[in-house]
Amino acid sequence: MPRPSRKQAILEALANELELHPGDRITTAALARAVGVSEAALYRHFPSKARMFEGLIGFAEETVFARINQILDEEKHTQVRVARVIYLLLGFADRNPGITRILLGDALVGERERLHDRVQQFFERIDVQLRQILREAQLRNDATLRRSPEEAASLLTAFVEGRMQQFLRSRFAKPSLTAWDADWAVLSHGLFDPGQNAPS
């Protein structure tokens with residue numbers, strides 16, 4: 001396999017440092033040591049630590065939303081679409097603890113406001129995507145919602161953020177998907193009329 005570029009290696013090291021030191025701020029000096037370069041070398045690739053964080057947020061956006069589009073192409077049933085999107089989001093968090101710290105703002109304390117705006121937009125995009133899927137249920141006539149698409153999408157987004165927060169609070173000891181089957185049983189029962197079940 002080709003070796004990662006230096007920029008990619010820096011971002012991977014930053015994500016790893018965030019995972020290994022939950023609750024701590026990561027200094028450029030510590031990051032440079034982890035990468036095996038000087039701080040000056042770091043700044044040749046990224047003009048600031050904020051740009052490094054932006055790089056990881058961009059990775060999250062590209063990965064998650066490309067995969068959501070793939071799910072929507074592959075799956076046409078509303079309940080299965082929603083389940084797969086929520087599972088994707090929680091699985092991404094579990095596989096990328098360092099990036100999860102960024103998305104929840106834990107690693108951004110004292111950082112630039114635009115970074116906080118960017119992660120807020122990430123979750124807003126999730127909410128919009130879920131709303132769209134749920135609105136299409138009426139067109140597909142394959143699911144009856146107990147709540148409006150807006151209310152249901154808001155609840156699902158809050159659930160994702162809540163599970164991610166628990167994962168972070170446990171210092172990554174309790175993955176977000178630990179109780180997935182039970183979680184989805186409760187969520188689907190609360191959101192969808194049982195008269196139209198998802199296909200097995």
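The structure we're discussing is the one just above.
For the structure given in this document, a descriptive report is provided here. Keep in mind that this is a model prediction, so the values were computed, not measured.

### What about the overall build of the protein?
- On a plain count of helices and strands, the protein comes out with nine helices and zero strands.
- Overall, the protein shows an N-to-C arrangement of helices and strands of α-α-α-α-α-α-α-α-α.
- Each of the three principal axes of the protein carries a C-alpha extent, and together these read 60 × 35 × 30 Å.
- Within the span of the protein, comprising 200 residues, buried residues form 49% of the whole.
- Sequence-distant contacts, at least 24 apart, represent 72% of the contacts inside the protein between residues at least 6 apart.
- For the protein, the exposed area adds up to about 10,500 Å²; of that, 49% sits on carbon and sulfur atoms.
- Positive and negative side-chain charges of the protein, numbering 27 and 26 respectively, have mean locations separated by a distance of 4 Å.

### Re the nonpolar core
- Ile-86, Ile-102 and Leu-103 are the most contacted members of the largest nonpolar core, which totals 65 residues.
- Considering every element that reaches this core, the biggest residue donor is helix H4 (residues 49-74), with eleven residues.
- In this structure, Leu-103 is in contact with Ala-60, Phe-92, Val-119, Phe-122, Phe-123 and Met-164, ignoring residues within four places of it in sequence.

### Some remarks on unusual backbone geometry
- Unlike most non-glycine residues, Asn-141 shows phi in positive territory, near 55°.
- Assignment of secondary structure puts Asn-141 in the loop between helix H7 (113-140) and helix H8 (149-169).
- For Phe-172, which is not a glycine, the phi torsion comes out positive at approximately 70°.
- As for its placement among the helices and strands, Phe-172 is situated in the loop between H8 and helix H9 (180-191).

### Brief notes about the pattern of salt bridges
- In this structure the tally under the stated criterion is ten salt bridges.
- Ionic pairing is found between Arg-51 and Glu-54, a salt bridge with its closest N-O pair at 3.4 Å. A residue pair is termed a helical-turn pair when its members lie 3 or 4 positions apart in one helix, as Arg-51 and Glu-54 do in helix H4 at three residues.
- Note on Arg-51: relative accessible area 42%, which makes it partly exposed.
- Taking relative accessible area as the criterion, Glu-54 reaches 18% and is therefore assigned buried.
- It is possible to trace a salt-bridge network through shared partners that takes in Arg-51, Glu-54 and Arg-114.

### Remarks on the layout of surface pockets
- Each pocket or cavity is described by its volume, and for the largest pocket that value is around 260 Å³.
- Leu-11, Glu-12, Leu-56, Phe-59 and Ile-99 are the residues nearest the centre of the largest pocket, which is lined by 16 residues in total.
- The element best represented in the lining of the largest pocket is helix H1 (residues 6-20), accounting for six residues.
- Taken together, the residues that form the lining of the largest pocket break down as six nonpolar, six polar and four charged.

### Examining the side chain of Thr-100
- Relative to the helices and strands, Thr-100 is located in helix H6 (residues 97-103).
- Setting aside residues no more than four positions away along its own chain, Thr-100 makes contact with Ala-93, Met-164 and Phe-167.

### Examining helix H2 (residues 28-35)
- Those residues of H2 that fall on the buried side of the exposure criterion are Thr-28, Ala-30, Leu-31 and Ala-32.
- Buried residues in H2 make contact with H1, helix H3 (39-45) and H4.
- Where H2 ends, the next residue or the one after it, Gly-36, has phi of about 85°, a positive value.

### Considering empty space enclosed by the protein
- The final tally for this structure, using the stated rule, is one cavity of 30 Å³ or more.
- Approximately 40 Å³ is the volume found for the largest cavity.
- Considering the residues around the largest cavity, the lining is formed by Leu-89, Phe-92, Leu-103, Phe-122, Phe-123, Val-160 and Met-164.
- Elements represented by at least two residues in the lining of the largest cavity include exactly helix H5 (78-95), H7 and H8.
- Its residues assigned to classes, the lining of the largest cavity shows seven nonpolar, no polar and no charged.

Conventions adopted
Residues numbered from 1 in each chain as written. Predicted model: local features only at pLDDT ≥ 70, side-chain atom pairs only at ≥ 80, totals over all residues. Heavy atoms only, no water. Helix = DSSP H or I, 4+ residues; strand = E, 2+ residues; numbered from the N terminus. Buried < 20%, exposed > 50% of the residue type's maximum accessible area, 1.4 Å probe, protein only. Contact = heavy atoms within 4.5 Å. Areas by Shrake-Rupley, 256 points an atom, 1.4 Å probe, with all protein chains shown as cover. Lys, Arg positive; Asp, Glu negative; His and termini not counted. Charge placed at Lys NZ, Arg CZ, Asp CG, Glu CD. Core = buried A, V, L, I, M, F, W, Y, C linked by side-chain atoms within 4.5 Å. Salt bridge = Lys/Arg side-chain N within 4 Å of Asp/Glu carboxyl O. 1 Å grid on protein atoms, 1.4 Å probe; cavity = no way out; pocket = protein on both sides within 12 Å on 5 of 7 lines; lining within 4 Å. Points joined across faces, edges and corners; volume = space filled by probe spheres on them. Nonpolar A, V, L, I, M, F, W, Y, C, P; charged D, E, K, R; others polar.

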